[in-house]
Structure formats: structure tokens, C-alpha cells
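Fold and geometry: a report
Listed below, chain by chain, are the residues.
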Amino acid sequence: MDQAVYRENSPSYGFGGRLTADFPSQVVVDVTEACNLACIHCSHPGFKKSPQYRGRHLDPGLNEKLVAEVAEFGRGCIQYLRYTGCGEPLLHPRLFDLLRVAVQGAGCQVSLTTNGTLLKEKAVERLLATGVEVVDISLDAFTPETYANIRVKGDLAATRANVLRLLAKAKEAGSRTKVVVTFIEQPRNRGEIEDFRRYWRDMGADYVIIRRLHANAGDLCLRADQMRQAARGLKRRPCLYPWERIILNAEGSLLFCPDDWNRGSALADFRGAAIREVWQGEAYRRLREAHMTNAFGEFPLCRQCPDWAATRWPWEGRSFADMMTDFSEPGADSDSSPAYPSRSEAHRTRSARGRKPRQGGQSHV
């Protein structure tokens, strides 16, 4: 079954718009397996005890190979490279070199996701010097007590000071880097959403994002059961990811799922493969067909995963990708519509960085 048949059978799903058959619209780069926190909504505490965990960091040579391929074959298709990790990216000893190579060579936007705990003064200066377009900082709480309960081993006062330092340094330097703060909504922090949104909007964050809690491809059993119960009776639809992204992990493997902690979506060793060939290849074709037909015999990770209900196709609403598009448009400012539909209308105020901040609502990204 080819892509044309996919589109004829299900015109709402498949390639189109920013989703292209030639190359993924985003490449996720998991730069390290190491982490300094033990967040309750994350699979890392269990992953760290598993046979798969070795505390690996991405080989800088593979990053150079990735950037070269993106520059040669991704132009016009890829929106951005997203540097993140099955751990904390700032623990990679050469992270700033990785980012600098990407910013200078990839020909697309580059973003970094971090927990912010290591953004001390020197790290902030080095980070801004890379020219990275977006820094996405995961916080998940407004009060110190909630932060300590969710981001175990973390200290909100110290991390908040780090983020404020980044905002101040970016303003002082006239940096193009956008600072985004994120909050994964869950039972322990639900009552803090508006305080979190208001505080960071007033402090000058370029976006405040409230994300939906998900099940990490079924790895978080309690959340997975809750999501399956909520989706009972619904017709399963295709997950967005097989049409949107590919992942390079710290081991050097190419994966199709960003929520896969157990290597169940590994497709190839990037040392001997190319992203374009894998993206256009037989394994991805069968994966997309499985999602179109709900026949997951070959893909047990997808079969048991409830997160399909939390992914958002481009026509279903705005997402992280739309925020990145807004940031890439010359002169774009916060008068643009929110990147994430809010449940209630928020008041716009002028930020500490001299412009109105964008406001986030809910999304799974």
C-alpha cells in the first residue's frame, strides 16, 4: 500500500502540509541517557535499572553525520532539530559543541529541551553563544513543595533562578534565543496551572506551555490504564509520529517513537544507515500501514500504547511545531494566536523582555 492509497482511504491522515514523505519534519536527538533527576512522570528511574541503560552520550561524530544529512536532504522538509534526551542534555560533556554544529550547519531551526537545573552562569553564556533558537525548560510546578514531589532531587528555587538568569542574559545580549517554560499537567500540580502561567508570562518567557500527561508508550502502567479506560469505545486512529519524526538516540540507533524507553522501535544503526533511506524505506512503510489499518502484529510497542489518543495531527489544533513556525517567521510576535488552545482566556501583558509573551494551553508534544 503506497502513500497515495493512504491518503485516498483516510484523507485526514497521512502526508501533507508540513508532513512530507521525502524527509521527517522534525528529527529528535536524544543526546544522553544520564539524568540528575527522578521525575515521577518519567520512565528514567526504571530505565536506569534496566539492562538497556549504560549512561551513554551521543557520539559527536554521529551528530556531524546527522547535520550533514539534514543540510543536504532535509531542506524544504524539516522544520527543526530537537535536542533532548532520555536524560538531561546538559550532562553531555560536549553539548554546546553539538548545538553549535547543528545551528551553523543544519539549515533549520534548532531547539534544546532541558530541566534547567544546570543552567548556571557559565553554562547560560555558552548556551546563548551557540545561537540555538529555542530553549525549552521543563518545570512542572509553581510551588517548591509540588516541584520537590514531581521533580524528585530538584530544587525549584535554584532552578527558577537559573531560568531567570537565562531570560536576563538573553535580553542583555539581544539574543535571538527564545525561552519556553513547560508544565506537564498531572494530579499533583493541577491547581497551580494559572499561577505558573501568570508568573512566567510576567517574567518574560516567550511561551508558556501546559502539556498533557501521557504514558510513555505504555511504560507508565497506571497512566496507561487510565488512558485506555478513557479511550474505551473510541475507534483508534493513527498516531502522528510515523509521519512526523524520527529519533536518533544516544546509542546511535534510529527509532520511530520518542516515548520508547526499551528500544522497541529501533529501526537501524545510524552508523551504517541514512535518515532519508530509513524514512522512505520498507520498515516505515509497514509501520504507517499498520497505523492506518490498526493491524499491529509486527509492532507490539504500538499495539499496547495508549498515547495515540494524545498526539495531535496538524489539522486538529496547534502544537509545538506551530510554535516553532511562529518563531521562524520574521517579525512574528505574541499577537499571533496561542500555540496551544487554552481552556480559559488569559490576559496578555507586556513581558520583561520588552514584548508581549505568547501563551500556552494544553498539548502533547
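Residues numbered from 1 in each chain as written. Predicted model: local features only at pLDDT ≥ 70, side-chain atom pairs only at ≥ 80, totals over all residues. Heavy atoms only, no water.

**Quick look at the environment of Phe183**
- Here Phe183 is to be found in strand 5 (residues 178-185).
- Between the C-alpha atom of Phe183 and that of Ser138, which follows or precedes it by 45 residues, the distance is 6.3 Å.
- Setting aside residues up to four positions removed in sequence, Phe183 forms contacts with Asp140, Ala141, Asn189, Glu192, Ile193, Phe196, Ile209, Ile210 and Arg211. (Helix = DSSP H or I, 4+ residues; strand = E, 2+ residues; numbered from the N terminus. Contact = heavy atoms within 4.5 Å.)

**Re unusual backbone geometry**
- Here Asn216, not a glycine, exhibits a phi torsion of approximately 50°, which is positive.
- Mapped onto the elements, Asn216 comes out in the loop between strand 6 (207-212) and helix 9 (221-230).

**Notes on the nonpolar core**
- One finds Val27, Leu66, Leu81, Tyr83 and Trp200 to be the most contacted residues of the largest nonpolar core, which totals 73 residues.
- Aside from chain neighbours lying at most four places away, what touches Leu66 is Val27, Val29, Leu81, Tyr83, Leu248, Phe270 and Ile275.
- Of all hydrophobic cores here, the second largest spans ten residues; its members include Tyr207, Ile209, Phe320 and Met324. (Core = buried A, V, L, I, M, F, W, Y, C linked by side-chain atoms within 4.5 Å. Buried < 20%, exposed > 50% of the residue type's maximum accessible area, 1.4 Å probe, protein only.)

**With respect to empty space enclosed by the protein**
- Applying the stated rule across the entire model yields five cavities of 30 Å³ or more.
- Volume-wise, the largest cavity comes out at about 770 Å³.
- Surrounding the largest cavity, 34 residues form its lining, Cys42, Thr84, Gly85, Thr113 and Trp261 being those nearest its centre.
- Going through the elements one at a time, strand 1 (26-30), strand 2 (80-84), strand 3 (109-114), strand 6 and strand 7 (245-248) are the ones with two or more residues in the lining of the largest cavity.
- For the lining of the largest cavity, the class distribution of residues is 14 nonpolar, twelve polar and eight charged.
- In this structure, the second largest cavity spans a volume of roughly 140 Å³.
- Contributing to the lining of the second largest cavity are 13 residues, with Cys239, Cys257, His291, Cys302 and Cys305 lying nearest its centre.
- Listing elements by their share of the lining of the second largest cavity, those giving two or more residues are helix 10 (241-244) and helix 13 (300-303).
- Among the residues forming the lining of the second largest cavity, the class breakdown is nine nonpolar, one polar and three charged. (1 Å grid on protein atoms, 1.4 Å probe; cavity = no way out; pocket = protein on both sides within 12 Å on 5 of 7 lines; lining within 4 Å. Points joined across faces, edges and corners; volume = space filled by probe spheres on them. Nonpolar A, V, L, I, M, F, W, Y, C, P; charged D, E, K, R; others polar.)

**Focus on helix 3 (residues 60-74)**
- Here helix 3 contains 15 residues, and its C-alpha end-to-end distance of 20 Å stays within 8% of the 21 Å for a straight helix at 1.5 Å per residue.
- Of all the residues in helix 3, the buried ones are Pro60, Leu62, Asn63, Leu66, Val67, Glu69, Val70, Ala71 and Gly74.
- Looking at the buried residues of helix 3, the elements they touch are strand 1, strand 2, helix 4 (95-105), strand 7 and helix 11 (275-279).
- Where helix 3 starts, the residue carrying a side-chain oxygen 2.8 Å from the main-chain nitrogen of Gly61 turns out to be Asp59.
- Following helix 3 by one or two positions, Gly76 adopts a phi angle in the positive range, close to 85°. (Expected span 1.5 Å × (residues − 1). Polar contact = N/O pair within 3.5 Å; in protein donor to acceptor, adjacent residues only side chain to side chain.)

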